[in-house]
Protein chains: 2
Amino acid sequence: MSNCACCALVLLVTASLLSVSPSARSQQPPAHINADRLLLHMTAMGEIGKDPVAGYARVAYTDADRQGREYAIGIMRAAGLAVSIDTAGNIYGRRPGSQPGLPSIMIGSHIDSVPQGGNYDGVVGSIGAIEVTQTLAEARKDLRHPLEVVLFQNEEGGLQGSRAISGELREEDLSNATRSGKSLRDGIAFIGGDPTRIAEARRKRGELFGYFELHVQQGGSLDAEKIDIGVVEGIVGNRRWDVSIEGFANHAGTTPMNQRRDALLAAARLIEAVNRVAASMPGQQVATVGRIEALPGAYNVIAGKVTLGIDLRDLQAARMDAMFDQIQKDAAQIAAATSTKFAFHQIVDDQPVLTDPRLRKIVADSAAELKFTSKPVPSGATQDAQSIGHIAPIAMIFVPSVAGISHAPQEFTRPQDIVNGANVLLLSVLHLDSQQ
Amino acid sequence: MSNCACCALVLLVTASLLSVSPSARSQQPPAHINADRLLLHMTAMGEIGKDPVAGYARVAYTDADRQGREYAIGIMRAAGLAVSIDTAGNIYGRRPGSQPGLPSIMIGSHIDSVPQGGNYDGVVGSIGAIEVTQTLAEARKDLRHPLEVVLFQNEEGGLQGSRAISGELREEDLSNATRSGKSLRDGIAFIGGDPTRIAEARRKRGELFGYFELHVQQGGSLDAEKIDIGVVEGIVGNRRWDVSIEGFANHAGTTPMNQRRDALLAAARLIEAVNRVAASMPGQQVATVGRIEALPGAYNVIAGKVTLGIDLRDLQAARMDAMFDQIQKDAAQIAAATSTKFAFHQIVDDQPVLTDPRLRKIVADSAAELKFTSKPVPSGATQDAQSIGHIAPIAMIFVPSVAGISHAPQEFTRPQDIVNGANVLLLSVLHLDSQQ
């Protein structure tokens, strides 16, 4: 921890540069967090695992991840939280409630990152949640409900920590490899969990009154439309297929255009169709072909076989059904026109998880009360909140990502937007606490 | 050689099964080759390097290639030819002419194959040429011009033997790796050439009166239209480009459809455009995209960069110009519509090689005289004849490839078509010999 304290001191100047201007601060609402402190902690966290060339990296179960966790534990203790690590390696910081027997309000996010990631995905919500408790502590504001800050471990490697809490993490998953090089089992032990008692990390339905997560949008719509706050409607479902297209490999010089069975031409038409189907329907659904392989893959041989991946996402399962129906119809026409054969093999089928209407309204009302513009948005990325959504009411507060860039060193959210989001989080907690 | 003689005996039964029926033979024209012997030698050659699973393989500079060459030399000697190997490793079989000082008529092809190839590409023309000389010897028919049978070495690995004869093979090429695992230099030595004296393999303009090559079409047009003989107009030019498409890699779940810079979508539209441009213009031009790579290549990341290869072929350079102009115009529109950047880098620029009008007419007349249907066709594949076209008048005789399949174990040309082609070759040689 001494290292991290040093970092924080050294980084004070940097953090001050990032902080909001006095004029902006003067517009702060009555219930507000300490913007300078929040941004200072974010900057300090960003230094942990930072690579001057490749960007930010606190990949779960690496030394950098562990150092980041230690830094977070330090500022959680400074905020007066009682810190513990559950058997899955999630970090909890608890603040008691004034009224005995009430379920907890939970807030938090994650501090692990992808390789070559940014310093906003997860960090904004983690440091934001800690700052909310620090603000409450300084204001000597007691809540009726216990307040729990949670920092989920290994969000980027498949929501491992939050899935342990919701009971979705299976014993057999523990042998899986992770990006750190360690197995999930060894990784959990490395960060202080106990993989032999993983089931004890599970939280029961009823233990949590509600969960709020502040997060950067990772998409560009709030930034493009200059909206302060996104009120998340839900985390989109995700369906994925491997598509295999069989044509006939033949000589590119000697096979007339009208006698070809070109699997790559068929694939090109399918890629275009997938895009058209998603872009032409009303709604915020997305469809992507991001991977493709053509065989034999030579300049002078017509492709005999292509495999590609289709990824569909939407908040509505019915709309994903409709998209895939249309894609299959288009594929049948393409197959007939190109004398190729298509085979679809589904490999992912994650259902959408909707946020709780009551908590969503609390977020929207809090944003309005603080004079922020807001709009309902889907979360296109997976989130720890979707695991918690299986055992408790959830809501998410999105703040703009500049140009929608995420999972890259260029990821950026403006300091004022981070502060705004943390203030909405604080007010949402206060409002939920006042409800029955 | 004793091995191969054994093979030939053992294979007699197989060969007989492949031979033309008596009724077909009764329709043979006056000048005709020995169909049974031709087909027997082809079958025997096919056994050399044959893999029961993968197909036919006499890859240049392998043991199978050398065994195939030994078998060919045996039947060339049996046909009364004086056999020699030039410094490049090409096999020559010479028959003297009756009139002193005349240039040679040359006929031949190659017996090396691609890995997992067929037994027709090259073999039909090689065994066909040897059979023509055997037929002339048996008929005690003297030609005015010397007749040379040539079996070019390593056609499939870049026309190496014929390029040595035309003077195109450069000293520095000898260090290049070949499919056999040997360098070109070591490969040439392996088959009895002398890579230190490669320049001596060169033939001068004027030494050859004309060159005829019998070959399978490798494309499907003769087979589809039930035409007996293709009179080759020329060997198409070939232009190739590496195309790089730059978009922006972003999250497939969080990036709205209308904010994407999807390099794979742009690539798909370019593949479609390349096909449309070639298929919509009148003529026999072809255009192919056979290789593609999308990065980072993940299901859930919009492709930020795609590279692909474009291959254009036609007999007319102006038509290739027109195709590429249109492709570039389409690419510019696609780039604008998808917010991507295209860069074209040309890597191959082989000019078309036209056959000689006089020799082409001899082939067409010979086919007509033998009551075969014929039509002018381009050669979409590269051919040894194109090297020889730089130093002598050339013509090629194509026979149908069933379903246009080539460079694959399923490659097949009907026995009757092979026999027809060899008879056209024989008559063409006789006609050219009679000319001044």
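Quick caveat, the model's predicted, so the values are computed rather than measured.

How each quantity is defined
- Residues numbered from 1 in each chain as written.
- Chains lettered and ligands numbered in written order.
- Predicted model: local features only at pLDDT ≥ 70, side-chain atom pairs only at ≥ 80, totals over all residues.
- Helix = DSSP H or I, 4+ residues; strand = E, 2+ residues; numbered from the N terminus.
- Buried ≥ 20, exposed ≤ 12 C-beta atoms within 10 Å, placed from the backbone.
- Contact = placed C-beta atoms within 7 Å.
- Expected span 1.5 Å × (residues − 1).
- Domains from an automatic or database assignment.
- Nonpolar A, V, L, I, M, F, W, Y, C, P; charged D, E, K, R; others polar.
- Pairing = 2+ DSSP bridges.
- pLDDT = per-residue confidence, 0-100.
- Axes fitted to C-alpha atoms, helices over the stretch in contact; angles between N-to-C directions.
- Parallel < 35°, antiparallel > 145°, perpendicular 65-115°, else oblique.
- Left-handed = near helix turned anticlockwise from the far one by under 90°.
- Least-squares fit on C-alpha atoms with pLDDT ≥ 70 in both.

Considering the overall build of chain A
Consideration 1: The helix and strand inventory of chain A stands at 14 helices and 17 strands.
Consideration 2: Along the three orthogonal principal directions, the C-alpha set of chain A runs to about 80 × 45 × 45 Å.
Consideration 3: Counting all 436 residues of chain A, 59% fall into the buried class.
Consideration 4: In chain A, of all internal contacts separated by at least 6 residues, the share reaching a separation of at least 24 is 78%.

A few points about helix H5 (residues 63-78) of chain A
Consideration 1: A rise of 1.5 Å per residue sets the reference length of H5 of chain A, with its 16 residues, at 22 Å; its end C-alpha atoms lie 23 Å apart and thus fit the reference within 8%.
Consideration 2: Restricting attention to buried positions, one finds in H5 of chain A the residues Ala64, Asp65, Gly68, Arg69, Tyr71, Ala72, Ile73, Ile75 and Met76 of chain A.

Some remarks on the domain arrangement of chain A
All names here are of chain A.
Consideration 1: Taken domain by domain, chain A holds domain 1 (2-235 + 352-434) and domain 2 (237-350).
Consideration 2: Distance from the C-alpha centre of domain 1 to the C-alpha centre of domain 2: 38 Å.
Consideration 3: At the junction of the two partners, domain 1 supplies five residues and domain 2 supplies eight residues.
Consideration 4: Across the side of domain 1 that touches domain 2, the residue classes tally to two nonpolar, two polar and one charged.

Quick word on the pairing of strand S13 (residues 305-314) of chain A
Residues and elements named next belong to chain A.
Consideration 1: Burial analysis of S13 places nine of its ten residues in the buried class, which makes it a mostly covered element.
Consideration 2: Here strand S9 (residues 237-246) runs beside S13; their pairing, made up of ten bridges, is antiparallel. Residue pairing in the sheet places Gly237 in a bridge with Asp314 of S13.
Consideration 3: As defined by bridge partners, strand S11 (residues 286-295) adjoins S13 across eight bridges and the pair is classed as antiparallel. Bridge pairing in S13 links Thr288 to Asp311.

Side note on the interface of chain A and chain B
Consideration 1: Tallying the contact residues gives 51 residues for chain A and 52 residues for chain B.
Consideration 2: Of all the elements in the fold, those that place two or more residues in the side of chain A that touches chain B are S9, strand S10 (250-251), helix H10 (263-280), S11, strand S12 (301-302) and S13 of chain A.
Consideration 3: A class-by-class count of the residues in the side of chain A that touches chain B yields 21 nonpolar, 24 polar and six charged.

Some details on the confidence of the model for chain A
Residues and elements named next belong to chain A.
Consideration 1: Scored by pLDDT, chain A has a mean of 91; 93% of the residues are at 70 or more.
Consideration 2: In this model residues 1-30 is a low-confidence stretch, pLDDT under 50, and it forms 37 contacts with partners more than four residues away in sequence or in other chains.
Consideration 3: Interface confidence for the predicted complex, expressed as ipTM, amounts to 0.80; the pTM equals 0.79.

Quick word on the sheet that holds S11 of chain A
All names here are of chain A.
Consideration 1: Taken in spatial order, the four strands of this open sheet run S11-S13-S9-S14, and their pairing is antiparallel. Each end of this open sheet is capped by a strand with a single partner; those strands are S11 and strand S14 (341-350). Along the sheet, successive strands turn relative to each other by an average axial angle of 15°, direction set aside.
Consideration 2: Relative to S14, S9 runs antiparallel, the two sharing nine bridges. Across the sheet, Val243 pairs through a bridge with Phe344, a residue of S14.
Consideration 3: Relative to the sheet, helix H11 (residues 317-338) contacts S9, S11, S13 and S14, its axis offset from that of S13 by approximately 155°.

So, the sheet that holds strand S11 (residues 286-295) of chain B
Residues and elements named next belong to chain B.
Consideration 1: In space, the four strands of this open sheet follow the order S11-S13-S9-S14, with antiparallel pairing throughout. Two strands lie at the open edges of the sheet, namely S11 and strand S14 (341-350), each paired on one side alone. Between one strand axis and the next, the sheet turns by 15° as a mean value, whatever way the strands run.
Consideration 2: Where helix H10 (residues 263-280) meets the sheet, it contacts strand S9 (237-246), S11 and strand S13 (305-314), and its direction lies at approximately 175° from that of S11.
Consideration 3: Helix H11 (residues 317-338) contacts S9, S11, S13 and S14 of the sheet and is inclined by roughly 155° relative to S13.

Things to note about the packing of helix H4 (residues 35-47) of chain B against helix H6 (residues 123-138) of chain B
Residues and elements named next belong to chain B.
Consideration 1: It is at 10 Å that the axes of H4 and H6 come closest, and there the two elements cross at 135°. Between H4 and H6, the angle falls in the class oblique. Crossing hand, H4 versus H6: right-handed. Every residue of H6 that contacts H4 at Arg37, Leu38, His41, Met42 and Met45 is listed here: Val123, Ile127, Gly128 and Glu131.
Consideration 2: Taken together, the residues of the contact of H4 with H6 break down into five nonpolar, two polar and two charged.

Topic: the relation of the copies chain A and chain B
Consideration 1: For these two chains of identical sequence, chain A goes onto chain B by a turn of 180° and a shift of 0.1 Å along the axis, with RMSD 0.1 Å. Such a combination of turn and shift is consistent with a two-fold rotation axis. Using C-alpha coordinates, one finds that chain A approaches the rotation axis most closely at Ala268 of chain A, a distance of 2.1 Å.

Some words on the packing of H6 of chain B against helix H14 (residues 415-434) of chain B
Residue and element names in this part refer to chain B.
Consideration 1: Running from N to C, H6 and H14 cross one another at 55°; their axes reach a closest spacing of 9 Å. Here H14 runs oblique to H6, going by the angle between their axes. Crossing geometry of H6 relative to H14 is assigned as right-handed. Contacts between H6 and H14 pair Val124, Gly128, Ala129, Glu131, Val132 and Thr135 from the former with Ile418, Gly421, Ala422, Leu425, Leu426 and Val429 from the latter.
Consideration 2: Considering only residue class, the contact of H6 with H14 consists of eight nonpolar, three polar and one charged.

As for H10 of chain A
Because the α-helix completes a turn every 3.6 residues, residues three or four places apart line up on one side.
Consideration 1: With 18 residues, H10 of chain A should cover 26 Å at 1.5 Å per step; its first-to-last C-alpha distance of 25 Å lies within 8% of that length.
Consideration 2: The buried fraction of H10 of chain A amounts to 14 of the 18 residues, a majority that puts the element mostly inside the structure.

Describing unusual backbone geometry
Consideration 1: Omega for the bond connecting Leu295 of chain A with Pro296 of chain A falls within 30 degrees of zero, at 5°, which places this linkage in the cis form.
Consideration 2: Within the fold, Pro296 of chain A resides in the loop between S11 and S12.
Consideration 3: Phi at Gln116 of chain B is positive, roughly 50°, even though this residue is not glycine.
Consideration 4: Mapping Gln116 of chain B onto the fold places it in the loop between strand S5 (104-110) and H6.
Consideration 5: The residue Leu159 of chain B is not glycine, and still its phi comes out positive at about 55°.
Consideration 6: Looking at the element boundaries, Leu159 of chain B is found in the loop between strand S6 (147-152) and helix H7 (160-166).
Consideration 7: Overall, Leu159 of chain B belongs to the buried group, with 24 C-beta atoms counted inside 10 Å.

Observations concerning the environment of Ala337 of chain A
Consideration 1: Tracing the chain through its elements places Ala337 of chain A in helix H11.
Consideration 2: Spatially, the C-alpha atom of Ala337 of chain A lies 8.5 Å from that of Ala266 of chain A, the residues being 71 residues apart in sequence.

With respect to the environment of Leu427 of chain B
Residues and elements named next belong to chain B.
Consideration 1: Mapped onto the fold, Leu427 is located in helix H14.
Consideration 2: You can call Leu427 buried: it has 22 C-beta atoms within 10 Å.
Consideration 3: Counting along the chain gives 64 residues from Leu427 to Val363, while the straight-line C-alpha distance between them is 8.2 Å.

Let's talk about the environment of Asn119 of chain B
Residues and elements named next belong to chain B.
Consideration 1: Structurally, Asn119 is set in the loop between S5 and H6.
Consideration 2: You can call Asn119 buried: it has 24 C-beta atoms within 10 Å.
Consideration 3: For the pair Asn119 and Ala337, spaced 218 residues apart in the sequence, the C-alpha separation amounts to 48 Å.
Consideration 4: Setting aside anything within four residues of it in sequence, one finds Asn119 in contact with Met42, Met45, Gly46 and Tyr56.

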